[in-house]
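A closer look at the structure
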Amino acid sequence: FFFFKQKTAYEMQRGLVGSEMCIRDRQKPKQKRIVMPPKAGAVQKRSIPPTNFRRVYDVGDLPVQLNHGHQGGKLLWKTKVTQLNYNHYLPIFFEGLREKQDPYRFIAVQGVFDMLEEGGANIGKVIPQLIIPIKAALNTRDPDIVAITLKVLQKLVQSGETVGTVSYTTLTLPTIL
């Protein structure tokens, strides 16, 4: 004895017969919809507002000039680096670390490295003024800016006798991070 399934009104209307009805009647496994957690944006790049460094350089208030030689650019200082007012110029150069466009980027990075190389005891007094520009550079989340800022921090810690001391660094480091 064979029993045939009676067609529904839908099946009659669509003209489904025989094996077509069986195919339709099979249960398809439901696909689970995967819901991804919302993105927090912790690693997304942030917009980089114009820096004070760019304005100061464009006006001509920095004691440097760029020499375009056949081997690339070179930073020339108008005064000796050791005679500079570090309280004034070093924070400006540190703020320039956020620059992405040359020649601003080159001048800021090279200027920071030159000042840290020659600064000695002048650097330790300026560190509290450097925290905000360092934090701003790290908060851009731009890989190039973060990388150069970390290299500058390494140089900063190695630059002076009082800069790398544990007690002073532990006081300022939590503020940066």
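The structure this text deals with has already been given above.
Residues numbered from 1 in each chain as written. Predicted model: local features only at pLDDT ≥ 70, side-chain atom pairs only at ≥ 80, totals over all residues. Heavy atoms only, no water.

The next subject is the overall build of the protein chain. What the protein chain contains, in helices and strands, is eight helices and two strands. Evaluated residue by residue, the protein chain yields a buried proportion of 34% over its 177 residues. Summarising the internal contacts of the protein chain: among those between residues at least 6 apart in sequence, 66% fall at separations of at least 24. (Helix = DSSP H or I, 4+ residues; strand = E, 2+ residues; numbered from the N terminus. Buried < 20%, exposed > 50% of the residue type's maximum accessible area, 1.4 Å probe, protein only. Contact = heavy atoms within 4.5 Å.)

Here we take up the nonpolar core. Ranked by internal contacts, the top residues of the largest apolar core, which has 32 residues, are Phe 93, Phe 94 and Met 115. For this core, the secondary structure elements donating two or more residues are α3 (52-59), β1 (64-69), β2 (72-77), α4 (86-95), α5 (104-119), α6 (127-138) and α7 (143-159). In terms of residue count, the dominant contributor to this core is α5 (seven residues). In this structure, Phe 94 is in contact with Val 112, Leu 116, Leu 130, Pro 133, Ile 134 and Val 152, ignoring residues within four places of it in sequence. (Core = buried A, V, L, I, M, F, W, Y, C linked by side-chain atoms within 4.5 Å.)

In this section: α7. Think of an α-helix as 3.6 residues a turn; residues three or four steps apart then line up on the same face. Between its first and last C-alpha, α7 extends 24 Å over 17 residues, near the 24 Å set by a 1.5 Å rise per residue. Restricting attention to buried positions, one finds in α7 the residues Ile 145, Ile 148, Thr 149, Val 152, Leu 153, Leu 156 and Ser 159. Along the long axis of α7, the arc covered by the buried residues comes to 150 degrees, so they all point the same way. The exposed set on the far side of α7, more than 90 degrees from its buried face, consists of Pro 143, Gln 154 and Gln 158. Residues of α7 that are buried make contact with α4, α5 and α6. (Expected span 1.5 Å × (residues − 1). Arc of directions from axis to C-beta.)

Looking now at the packing of aromatic side chains. Note on aromatic pairs: each is described by the distance of the centres and the angle between the planes. This structure, assessed with the given rule, holds three aromatic pairs. Seen in terms of ring centroids, Trp 77 and Phe 93 are 5.6 Å apart; in terms of plane orientation they differ by 45 degrees. Their pairing is tilted. Residue Trp 77 is located in strand β2, and its partner Phe 93 is located in helix α4; the two are separated by 16 residues in the primary sequence. Exposure class is identical for Trp 77 and Phe 93. Each is buried. Aromatic rings pair up to connect Phe 53, Trp 77 and Phe 93 into one cluster. (Phe/Tyr/Trp six-rings, centres within 6.5 Å; stacked < 30°, edge-to-face > 60°.)

What the rule picks out here adds up to five salt bridges. Across the pair Glu 95 and Arg 98 runs a salt bridge whose closest N-O atoms are separated by 3.3 Å. Assigned by exposure class, Glu 95 and Arg 98 land together as buried. The closest approach of N and O atoms between Lys 155 and Glu 117, which form a salt bridge, is 2.5 Å. Placement of the pair is Lys 155 in helix α7 and Glu 117 in helix α5, with a sequence separation of 38 residues. (Salt bridge = Lys/Arg side-chain N within 4 Å of Asp/Glu carboxyl O.)

One way to put it is that α4 packs onto α6 with a least axis distance of 8 Å and a crossing angle of 10 degrees. By the angle between their directions, the pair α4 and α6 is classed as roughly parallel. Like other packed secondary-structure pairs, α4 and α6 cross with a definite hand, here right-handed. The residues of α6 that touch α4, namely those facing Asn 87, Leu 90, Pro 91, Phe 94 and Glu 95, are Gln 129, Leu 130, Pro 133 and Ile 134. Among the residues making up the contact of α4 with α6, the classes are represented as six nonpolar, two polar and one charged. (Axes fitted to C-alpha atoms, helices over the stretch in contact; angles between N-to-C directions. Parallel < 35°, antiparallel > 145°, perpendicular 65-115°, else oblique. Left-handed = near helix turned anticlockwise from the far one by under 90°. Nonpolar A, V, L, I, M, F, W, Y, C, P; charged D, E, K, R; others polar.)

So, about the packing of α3 against α4. Contact geometry of α3 with α4 gives a least axis separation of 7 Å together with a crossing angle of 115 degrees. Residues Asn 52, Phe 53 and Val 56 of α3 touch α4, and the partners they reach there are Ile 92, Phe 93 and Glu 95. Of the residues belonging to the contact of α3 with α4, the class tally is four nonpolar, one polar and one charged.

The subject of this paragraph is the side chain of Asp 114. Relative to the helices and strands, Asp 114 resides in helix α5. Buried charged residue Asp 114 carries no salt bridge. Nearest counter-charge: Lys 155, at 8.7 Å. In contact with Asp 114, not counting residues within four places along its chain, are Leu 75, Trp 77 and Val 81. (Lys, Arg positive; Asp, Glu negative; His and termini not counted.)

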